[in-house]
Amino acid sequence: MPGRHPRVAIVGAGPAGAFAAASLLRARGQVEIDLFERLPTPWGLLRGGVAPDHQEIKRLEDTFDRQTLRRGCRLLANVEVGVDVSHIELMRHYDAVIYATGAQTDKSLGILGEDLPGSAPATEFVAWYNGHPDYHHLDFDLDTPRAVVVGNGNVAADVTRILASSPAELERTDIAEHALEALRASRIEEVLVLGRRGPAQAAFTSAELRDLGRLEGVDLRVDPSEIELDPVSRAWLAEEGTFTARKNVELLREFADRPPRLDAGRRIVLRFLRSPVEIRGEGRVQALEVRRNDIVRDESGALRARPAGDDVETIECGLVLRSVGYQAVPLPDVPFDERRFVLRNERGRVLDAEGRALPGVYAVGWIKRGPTGILGTNKRDAAETVACLVEDLRADALPEPEGVREELDALLAERKSNLVTVEGWRAIDAHERERGRAAERPRVKLASHDELLARAAR
Amino acid sequence: MTYVIAGSCIKDDSCIEVCPVDCIHPKPGAADFETAEQLYIDPAVCIDCDACVEACPVDAIFPDFDVPEKFDYALDLNAEFFAERSTAQRTAA
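1. Side note on the overall build of chain A
Of regular secondary structure, chain A possesses 17 helices and 18 strands. Taken over the C-alpha trace, chain A has a radius of gyration of 24 Å; the compact-globule value for 458 residues is 23 Å, and the two agree within 12%. Projecting the C-alpha coordinates of chain A onto the three principal axes gives extents of approximately 70 × 55 × 40 Å. Residues counted as buried form 47% of the 458 residues belonging to chain A. Taking as baseline every contact in chain A between residues at least 6 positions apart, the subset at least 24 positions apart corresponds to 78%.

2. Description of the nonpolar core
Residues and elements named next belong to chain A. Grouped together as the largest cluster of nonpolar side chains are 150 residues, with contacts concentrated most on I10, A20 and I98. Domain assignment of the residues forming this core places at least three in each of domain 1 (7–104 + 328–420) and domain 2 (109–325). The contacts of A20, once residues within four sequence positions are left out, are I10, I98, A100, V364, A382, T385 and V386.

3. Comments concerning the interface of chain A and chain B
Of the residues lining the interface, 19 residues belong to chain A; the matching set on chain B comes to 18 residues. Counted by class, the side of chain A that touches chain B contains six nonpolar, eight polar and five charged residues.

4. A word on the domain arrangement of chain A
All names here are of chain A. Segmentation of chain A into domains returns domain 1 (7–104 + 328–420) and domain 2 (109–325). Between domain 1 and domain 2, the C-alpha centre-to-centre distance is 33 Å. Counting residues at the interface gives nine residues for domain 1, matched by 16 residues for domain 2. Class assignment for the residues of the side of domain 1 that touches domain 2 results in four nonpolar, three polar and two charged.

5. Description of helix α17 (residues 449–457) of chain A
Residues and elements named next belong to chain A. Within the sequence span of α17, burial applies to L452, L453 and A456. Take α17 and look down its axis: the buried residues cluster within an arc of 90 degrees, on one side only. Where α17 is buried, its residues meet α16 (422–438).

6. A short note on helix α14 (residues 377–394) of chain A
Residues and elements named next belong to chain A. Between its terminal C-alpha atoms α14 stretches 26 Å, which fits the 26 Å expected from 18 residues at 1.5 Å a residue. At its buried positions, α14 is contacted by α1 (15–27), β4 (96–99), β18 (357–363) and α13 (366–369). Looking at the residues trailing α14, positive phi occurs at D396, about 60 degrees.

7. So, unusual backbone geometry
The omega angle of the peptide bond from H25 of chain B to P26 of chain B is -10 degrees, so this bond is cis rather than trans. Tracing the backbone shows P26 of chain B in the loop between β2 (24–25) and β3 (40–41). Positive phi is not limited to glycine here, since N78 of chain A has a value of about 65 degrees. For N78 of chain A, the location among the structural elements is in the loop between β3 (74–77) and α5 (87–93). The phi torsion at D59 of chain B lies on the positive side, around 50 degrees, for a residue other than glycine. Summarising the element assignment, D59 of chain B is placed in the loop between α2 (51–55) and β4 (61–63).

8. So, the environment of V249 of chain A
Residues and elements named next belong to chain A. Within the secondary structure layout, V249 lies in helix α12 (residues 243–257). Given 22 C-beta atoms within 10 Å, V249 falls into the buried group. Here the alpha-carbon distance between V249 and A203, two residues 46 residues apart in the chain, equals 12 Å. In this structure, V249 is in contact with P199, A200 and L237, ignoring residues within four places of it in sequence.

9. Some thoughts on the pairing of strand β2 (residues 32–37) of chain A
Residues and elements named next belong to chain A. When you tally the buried positions in β2, you get five out of six residues, the bulk of the element. As judged from the five bridges shared by strand β1 (residues 7–11) and β2, these two strands associate in the parallel manner. Directly across from V8, in β2, lies its bridge partner I33. The parallel pair β1 and β2, bridged by α1, forms a crossover whose chirality is right-handed. Examined bridge by bridge, β2 and β3 share four bridges and lie parallel to one another.

10. What to know about the confidence of the model for chain B
Looking at chain B, the pLDDT average stands at 92 and 92% of residues meet or exceed 70. Interface confidence for the predicted complex, expressed as ipTM, amounts to 0.91; the pTM equals 0.95.

11. Focus on the packing of α16 of chain A against α17 of chain A
All names here are of chain A. Here α16 crosses α17 at 110 degrees, and the two axes come no closer than 7 Å. Between α16 and α17, the interaxial angle falls into the category roughly perpendicular. The way α16 lies across α17 gives a crossing that is right-handed. Listed contacts from α17 to G424, W425, A427, I428 and H431 of α16 are L452, R455, A456 and A457. Residues that form the contact of α16 with α17 fall into these classes: six nonpolar, two polar and one charged.

12. Topic: the pairing of strand β10 (residues 266–271) of chain A
It is a general feature of regular strands that their side chains alternate between the two faces of the sheet. Residue and element names in this part refer to chain A. Alignment of strand β8 (residues 190–194) against β10, held across five bridges, turns out to be parallel. Following the sheet pairing, E190 is matched in β10 by R267. As paired elements, strand β9 (residues 218–221) and β10 share four bridges and run parallel to each other. Each residue of the ladder has a partner; that of D219, found in β10, is R267.

13. Regarding the environment of C49 of chain B
Residues and elements named next belong to chain B. Mapped onto the elements of the fold, C49 is located in the loop between β3 and α2. We classify C49 as partly exposed; it has 14 C-beta atoms within 10 Å. Between the C-alpha atom of C49 and that of T2, which follows or precedes it by 47 residues, the distance is 9.2 Å.

14. Thoughts on the packing of helix α6 (residues 122–129) of chain A against helix α7 (residues 154–164) of chain A
All names here are of chain A. Direction vectors running N to C along α6 and α7 enclose 55 degrees, while the axes themselves pass 10 Å from each other. Classified by the angle their axes make, α6 and α7 are oblique. Crossing of α6 over α7 shows left-handed handedness. Residues A122, T123, F125, V126 and Y129 of α6 form the contact with α7, whose participating residues are V155, A156, D158, V159 and I162.

15. Observations concerning the sheet that holds strand β11 (residues 274–280) of chain A
Note on sheets: strands pair through backbone hydrogen bonds, and any given pair is parallel or antiparallel. Residues and elements named next belong to chain A. Across the sheet, which stays open at both edges, the three strands sit in the order β11-β12-β13 with antiparallel pairing between neighbours. The sheet terminates laterally at β11 and β13 (303–316), the two strands that pair on one side only. The sheet shows a mean angle of 20 degrees between the axes of neighbouring strands, taken without regard to direction. Across ten bridges, the pairing between strand β12 (residues 287–297) and β13 is antiparallel. What sits directly across from L288, in β13, is I315. With respect to the sheet, helix α11 (residues 231–239) is in contact with β12 and β13, its orientation differing from that of β12 by roughly 60 degrees.

Reading guide: rules and limits
- Residues numbered from 1 in each chain as written.
- Chains lettered and ligands numbered in written order.
- Predicted model: local features only at pLDDT ≥ 70, side-chain atom pairs only at ≥ 80, totals over all residues.
- Helix = DSSP H or I, 4+ residues; strand = E, 2+ residues; numbered from the N terminus.
- Rg over C-alpha atoms; globule rule 2.2 N^0.38 Å.
- Buried ≥ 20, exposed ≤ 12 C-beta atoms within 10 Å, placed from the backbone.
- Contact = placed C-beta atoms within 7 Å.
- Core = buried A, V, L, I, M, F, W, Y, C linked by C-beta atoms within 7 Å.
- Domains from an automatic or database assignment.
- Nonpolar A, V, L, I, M, F, W, Y, C, P; charged D, E, K, R; others polar.
- Arc of directions from axis to C-beta.
- Expected span 1.5 Å × (residues − 1).
- Pairing = 2+ DSSP bridges.
- Right-handed = clockwise from strand over helix to strand, strands pointing away.
- pLDDT = per-residue confidence, 0-100.
- Axes fitted to C-alpha atoms, helices over the stretch in contact; angles between N-to-C directions.
- Parallel < 35°, antiparallel > 145°, perpendicular 65-115°, else oblique.
- Left-handed = near helix turned anticlockwise from the far one by under 90°.

What follows is the structure in structure tokens.
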């Protein structure tokens, strides 16, 4: 159709979706972009994942806003694709649909007792303290002297820091009110962090690890015997170890050399080469049983944890947060790779089961590459997907949409009386920042769907 | 003087795009890019032009005389990254 601008739907307004919108607007100014979002608020894990004590990173929202919403990209929030509007309906109204839905669930440990009250995915704890409206009703029992965090990645580091930090520190952040209240009443004295593999394989960034050792009023304890490197790890670190892995081992040695801080109100304990085998308790978590591992090199050359004997150690605790990875969920009517938990794709072009490109369907972010990388990784990932889309538009390779924009708008208006557009989001944002100013905090979040939607509708 | 990048870096490569002397590494495509937790500024090459500071979307870059206390390790860390890198390149050659 001559003179018509191409129309693109991006499903998911998290970092991957935002970088994709910005990249598309840069590559091709004349394009109509609709940014669909399941929640009433945009920016995904930047708002709901990045820890509240990392406010400097949250500044990225200003860039997202400037490069997308302020450049004419429409926000259609509080709309769930696959529920409120189908993939087939989107394909009928847009030249292209880019899925940027992320990885919305967690991996489980697959051990007995995992479903006991007091055992939860760290991702739920993160969503809860960040005011994600789907999780504000959760109740984490912090009336226990010891919490165990299973995992050695940055989410594990985040939840450890939040559990150990003093409420006075957190009061200066945008942590959710309900979480702040619960953390003020916390009786936790020790947060024990367990790594399946050894200190050289810990997935923390050295920045996250360093932060754990710098918390006000918190003693960080690492027993020297926990961080002695086995020969396999020592060889790996010397020959192939990354800058971060070497820094981590160096930091852990520093921590192990520190004298204990007896005046500290709380402690973080790091232990390695331990795998949980069972969570025990009557009616709720009372103990975690762990087994020791060795590090071995498998046929592919990767370093893996292998059980070292049958001895089981029992650790008394009242809270177990598992942080062993995110996992994507399938989308209705879009082919999903059940083995790798991504949309099967080639450089962002979504493929069907036979490996043929589905014209006009694209993926970006975690649903494209799996849950790896950091925020900025999505920028390059988005550039790759957008380059394919622009190439397909130039080649005239996309089917012409049948419906016009007005038809889709009418359909959404009919189905979603509480659709949140950019004006609604601005009202939420301004209100939260205003509440924050009064409390000398960056913002005070509205944490329930009702509050968010009521503010957006005013 | 030099600028330094703190641990709050998100590896958005806006700084690399604007750096006139190519002193920010690793660059996309480099062997150590994917595993790097942040980007680093080579203090021996930086010309203190300020372009990266303007470009950084999360304000993670500071002049060496004005690094906030919580990032006080960053100056050594940036320098050390390049010291190790040149050793690795020398041994690889």
